[in-house]
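# Overview (structure and organization)
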Amino acid sequence: MSTTLFLILCLNGLQYGMLLFLIAAGLTLVFGVMGFINLAHGVQYMVGAYLAVFYVGLTGSFVVAVFLSLGSALVIGLLLEYFIFRHLYTRSHLDQVLATFGIIIFLNELAKVLFGPTTLTIAPPEFLSGSIQLTEQLRYPVYRVATILAGLLVAGGLFATVSYTRIGMLIRAGATTPQMVSALGVNIQQLFMIVFGVGAMLAGFAGVIAAPIFGIEPGMGDNILIIAFVVIIIGGIGSIGGAFVAALLVGLIDTLGRSLATSLLTAVFSPSIANQIGPAIASMLIYILMAAILIFRPKGLLPAKGVA
């Protein structure tokens, strides 16, 4: 593998890791603070992508579409929490799984009705088109660099909010001792709404910035939800720092593993067979890592403070 190809794969892995973090951050807070299994979190990533398509078509501006999509994703998350999720907090995990799975089916079908079953694409904004020279032999798309920087900025802002603000203190306390937080007179219902709304907005933002890179289609959030659950298990439930580290690990392992596994397999199999087996083995590496973490650090790499 050449140095240029290795750098490209690392950058692609970093970009994928940032998208995973944006989705996993909200999911780990919802699961950590509330113990609520929200399978519909992944579909909010899809909703963000379709909102971007809608608002770009409506306004003709990608930048304006980003802000409108974020606001809409937040409102949709709050509405789901108010009308559906809050009625499931005291129910069993099976009820939560069945209800949120129903939301997945409903929103996927709604996307087909509103936008059709075909794959949609949108172009990145004009000022982020083209590529930049990173090394003498490497040019990398400007938009992909921008998505990495956007993910890092959001990660930094989220970490600062959770670590150094009062609402962040309540979220951290809720992730470790929710009964104590409630006993101290904190409005748990309001805290849950904030967590759900922020989580939905982060997932929607991931969908918005991913829209110009990946195809937009119904069900696009289903597979990434599984990977997001892997991320929060590796990082530690309720831990923003853990989600960040785990998302980068998973992104790099998945991206580098696909190329390395395929290259190694070409020494044994034909190129066509190696190209089929390599990505499957790379996907297995993520779950092998998760299994190892569960054996040696059951609470994750960086569990939330107060979790032993």
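Before reading on, note that the structure itself is shown above.
Residues numbered from 1 in each chain as written. Predicted model: local features only at pLDDT ≥ 70, side-chain atom pairs only at ≥ 80, totals over all residues. Heavy atoms only, no water.

### A few points about the pattern of salt bridges
- With the rule as written, the count across this model stands at four salt bridges.
- In this structure, the salt-bridge partner of Glu81 is Arg86, at a minimum N-O distance of 3.1 Å.
- Exposure remark for Arg86: the relative accessible area of 22% places this residue in the partly exposed category.
- Its salt-bridge partner being Glu109, residue Lys112 comes within 3.5 Å of it at the nearest N-O pair. Taken together, the positions of Lys112 and Glu109, both in helix H4 (residues 93-115) and three residues apart, correspond to about one turn of that helix.
- Exposure remark for Lys112: the relative accessible area of 37% places this residue in the partly exposed category.
- With a relative accessible area of 40%, Glu109 lands in the partly exposed category. (Salt bridge = Lys/Arg side-chain N within 4 Å of Asp/Glu carboxyl O. Buried < 20%, exposed > 50% of the residue type's maximum accessible area, 1.4 Å probe, protein only. Helix = DSSP H or I, 4+ residues; strand = E, 2+ residues; numbered from the N terminus.)

### A look at a nonpolar patch on the surface
- Side chains of Val75, Leu79, Tyr82, Phe83 and Ile84 sit close together on the surface and give an oily, nonpolar patch of about 470 Å² of accessible area.
- Secondary-structure assignment places Tyr82 in helix H3 (residues 62-83).
- A relative accessible area of 44% means that Tyr82 is categorised as partly exposed. (Patch = residues over 30% accessible without salt bridge, like charges linked within 9 Å, V, L, I, M, F, W, Y side chains within 5 Å. Areas by Shrake-Rupley, 256 points an atom, 1.4 Å probe, with all protein chains shown as cover.)

### Some thoughts on helix H10 (residues 240-265)
- With 26 residues, H10 ought to run about 38 Å at 1.5 Å a step, and its terminal C-alpha atoms sit 36 Å apart, in line with that.
- Along H10, the sharpest change in direction is near 35° and occurs at Gly257.
- Looking at where H10 begins, the residue whose side-chain oxygen comes 2.9 Å from the main-chain nitrogen of Gly242 is Ser239. (Expected span 1.5 Å × (residues − 1). Bend = angle between axes of the 7 residues up to and from the residue. Polar contact = N/O pair within 3.5 Å; in protein donor to acceptor, adjacent residues only side chain to side chain.)

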